[in-house]
Amino acid sequence: MLYHILAVGDVVGEPGLRHLEKRLRPLQKLKQIHFTVVNGENASGVGLTPEQAQRIRDAGADAVTLGNHTFGRMQIRDFLDETPWLLRPANYTGRAPGHGCEIFELNGVRVRVMNLIGRCDLDWKAADPFTTADALLKQDQADFTLVDFHAEATSEKLAMGYYLDGRVSALWGTHTHVPTADERVYPKGTGYLTDLGMTGPIESVLGIEPWQSVESFLGGLPGRYKAAEGPCKLQGAIFTLDSATGLCTAVERVDIR
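The present account deals with the structure reproduced in this document. All values derive from a computational prediction rather than experimental measurement.

Cut-offs applied
Residues numbered from 1 in each chain as written. Predicted model: local features only at pLDDT ≥ 70, side-chain atom pairs only at ≥ 80, totals over all residues. Heavy atoms only, no water. 1 Å grid on protein atoms, 1.4 Å probe; cavity = no way out; pocket = protein on both sides within 12 Å on 5 of 7 lines; lining within 4 Å. Points joined across faces, edges and corners; volume = space filled by probe spheres on them. Helix = DSSP H or I, 4+ residues; strand = E, 2+ residues; numbered from the N terminus. Nonpolar A, V, L, I, M, F, W, Y, C, P; charged D, E, K, R; others polar. Salt bridge = Lys/Arg side-chain N within 4 Å of Asp/Glu carboxyl O. Buried < 20%, exposed > 50% of the residue type's maximum accessible area, 1.4 Å probe, protein only. Contact = heavy atoms within 4.5 Å.

1. Brief notes about the layout of surface pockets
- Quantified by volume, the largest pocket comes out at close to 620 Å³.
- The wall of the largest pocket is formed by 26 residues, among which G45, V46, L206, I208 and Y225 lie closest to the centre.
- Breaking the lining of the largest pocket down by element, the ones donating at least two residues are α1 (13-30) and α6 (210-217).
- Taken together, the residues of the lining of the largest pocket sort by class into 10 nonpolar, 10 polar and six charged.

2. Examining the pattern of salt bridges
- Evaluated as defined, the whole model comprises 11 salt bridges.
- Across the pair E252 and K31 runs a salt bridge, and its minimum N-O distance is 3.0 Å. Linking E252 in strand β14 (residues 247-256) with K31 in the loop between α1 and β3 (35-39), this pair joins segments that are 221 residues apart in sequence.
- By relative accessible area, E252 is classed as partly exposed at 35%.
- Its salt-bridge partner being R257, residue D255 comes within 2.8 Å of it at the nearest N-O pair.
- Exposure remark for R257: the relative accessible area of 48% places this residue in the partly exposed category.
- Each member of the salt-bridge network shares a partner with another, and the members are E14, R18, E21, R55 and E229.

3. Things to note about the environment of C120
- With respect to the helices and strands, the residue C120 is situated in the loop between β7 (109-117) and α4 (129-137).
- It is 7.5 Å that separates the C-alpha atoms of C120 and A151, two residues lying 31 residues apart in sequence.
- Apart from the residues lying within four places of it in its own chain, the contact partners of C120 are E152, A153 and E156.

Set out below in structure tokens:
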């Protein structure tokens, strides 16, 4: 049987969250989606609150992943420990609350969702994401394994794709908020996309007011970043997975406006 897995790029601010709430379920119905993973680490701009995490879940996400802004809103700390569907990067220090890998039941199929963070120009304090992935893959059995690799460097994401090729069903990158056009199935069967893009305002710089970003690059004082207003987009990808092999047969980018 073929399963359609939807991965949604970083939700940015209240505009992005409202757009997700409006567009996600119609997209799931249109594309006959069986399971959805949404990166929600920017729902507050920097971080997210328990209420925002729950809104993403209620909008249709089966799992919510995070990244370098996991603790941008400290009220999420206890919620991370209490909530199995909310994942922070698994290679964070063991001192951090929460967990980064979970297995979900889907009509008799076991779906492992793994959240990792890159170290190249992003989080040097994190453990090695490559060896962390090795260790997590040895724990429990799953029919499908999905990986959200929250990383800055395209080289690190590409390398991870080759490293895990044939061992995971699908791997996608988040964090840069700009979608890449390199969707593919790797030689050994892993579906891949370097970056999903974002869910947030179209007229923006990575989701924030353009003038603030311009002012920052000019050396001025842009003030606290805030999400831009106006029409939004929902970006991500659909991975078609074969339950007979646990691997990917096709990848399709999505951009819903």
